[in-house]
Amino acid sequence: MFGKYERLWGKPALRSRYDAVIIGGGLHGLATAYYLARDQGMNNVAVIEKRYLGFGGAGRNTAIVRANQRTKENLPLYNEGLELWPKLTDDLDFNLMFFNCGNLNLAHSEAAIGALRLQVASAQFFGIKSELFDAKQCKALIPALDISDRLSFPIMGGMYHPPGGTLRHDAVVWGLAKEAAKRGIRIHEGTEVLGIGVENGKVVSVETNRGEVRTPRVLNAAGGYSTLISSMVGIRLPIHVLTIQAMVTEPLKPLLNHVVSSGAYHCYANQTLKGEIVTGAHMDPWPNYTTQTTAHYIKHQAEALTELLPCLKGVKFMRAWGGLADMTPD
């Protein structure tokens, strides 16, 4: 107990045997544990997290959710995800703060307009709401945008995706952990995986800093650290880990009612309920495991944001962070 509040999940003792062990206490690990318990009746399952739940990519992002990708494989997948959030809010009995405020992707050339036209047609083919806007329509949607020819990359139009928006990533972590624990899943924070035992080509155990656990099944849900876990059993994953940096401004009066992004500027932004402008940049161009931020990206974000949204000139960044993205070769 913390005062009058109870923990959403407990601090269970580490058992000597589990039916499955999930390495990584982020969204993928916790969601797998929750659905294993809910849909498959498996509750003798351990979630092992080296630090704390949501330490990795689950807690180090800008909370944007959308289904405006380009391919026939991604569009239905991401759209199913968008439709899942309201249902999951009810299932978990936890406010995930899903806000489908809409997502506007800006285009700065005729070629970009052509690409967005193809994306809009692809989305509409799958029944996903998306529209192609000209510059004036973009301005009407977000009045603070500068659509003049003074910009380095003038705005020529954009793709508006109404179902997209934002979601409180921490709330998803907490809600999944709460319900998973309620269904018998044992969550072990501060527990480091040191090795994975293999006999006759099959996983038999997981070695942790708290002792050995016997198990016939292991799920590698370690996100950016997944390559390190896979190497414990001699598997080399073709994944590069890149840092994505983000930051928030001081609180402001409401001025940005939608998510706005620009590939030409490598910049995206939205405004939180507290009034902060949350903004992210492109990935660092070299593989690394740091979650630190750099002056180069802070400068880049300030320049990009104040070109697209001139009213932000003089606004101060309040804090910054970095998250690890596990990138496949494609």
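Scroll up to find the structure.
Residues numbered from 1 in each chain as written. Predicted model: local features only at pLDDT ≥ 70, side-chain atom pairs only at ≥ 80, totals over all residues. Heavy atoms only, no water.

(A) Region of the structure containing the sheet that holds strand β12 (residues 218-220). Reading across the sheet, the four strands line up as β8-β2-β1-β12 and stay open at both edges, with parallel pairing between neighbours. Since the sheet does not close on itself, it has two edges, and those belong to β8 (186-188) and β12, each with one partner. Between one strand axis and the next, the sheet turns through 20 degrees on average, direction left out of account. As defined by bridge partners, strand β1 (residues 20-23) adjoins β12 across three bridges and the pair is classed as parallel. Its bridge partner lying in β12, V21 is registered against V218. Most of the contacts of helix α1 (residues 27-40) go to β1, to which it runs at about 155 degrees, and overall it touches β1, β2 (45-48), β8 and β12. (Pairing = 2+ DSSP bridges. Helix = DSSP H or I, 4+ residues; strand = E, 2+ residues; numbered from the N terminus. Axes fitted to C-alpha atoms, helices over the stretch in contact; angles between N-to-C directions. Contact = heavy atoms within 4.5 Å.)

(B) Structural context of the pattern of salt bridges. On inspection of all chains with the given rule, the structure shows 10 salt bridges. For R150, the salt bridge identified is with D146, shortest N-O distance 3.5 Å. Judged by its relative accessible area of 66%, R150 is exposed. Ionic contacts of the salt-bridge type, sharing partners, join the residues R38, D39 and D91 into one network. (Salt bridge = Lys/Arg side-chain N within 4 Å of Asp/Glu carboxyl O. Buried < 20%, exposed > 50% of the residue type's maximum accessible area, 1.4 Å probe, protein only.)

(C) Local environment of the packing of aromatic side chains. Applying the stated criterion across every chain yields a total of six aromatic pairs. Consider the rings of Y52 and F55, whose centres lie 5.4 Å apart with planes at 85 degrees: the pair is edge-to-face. With relative accessibility at 44%, the residue Y52 sits in the partly exposed group. Take F55: its relative accessible area is 14%, and that puts it in the buried class. (Phe/Tyr/Trp six-rings, centres within 6.5 Å; stacked < 30°, edge-to-face > 60°.)

Honestly, it's all geometry; don't read function into it.
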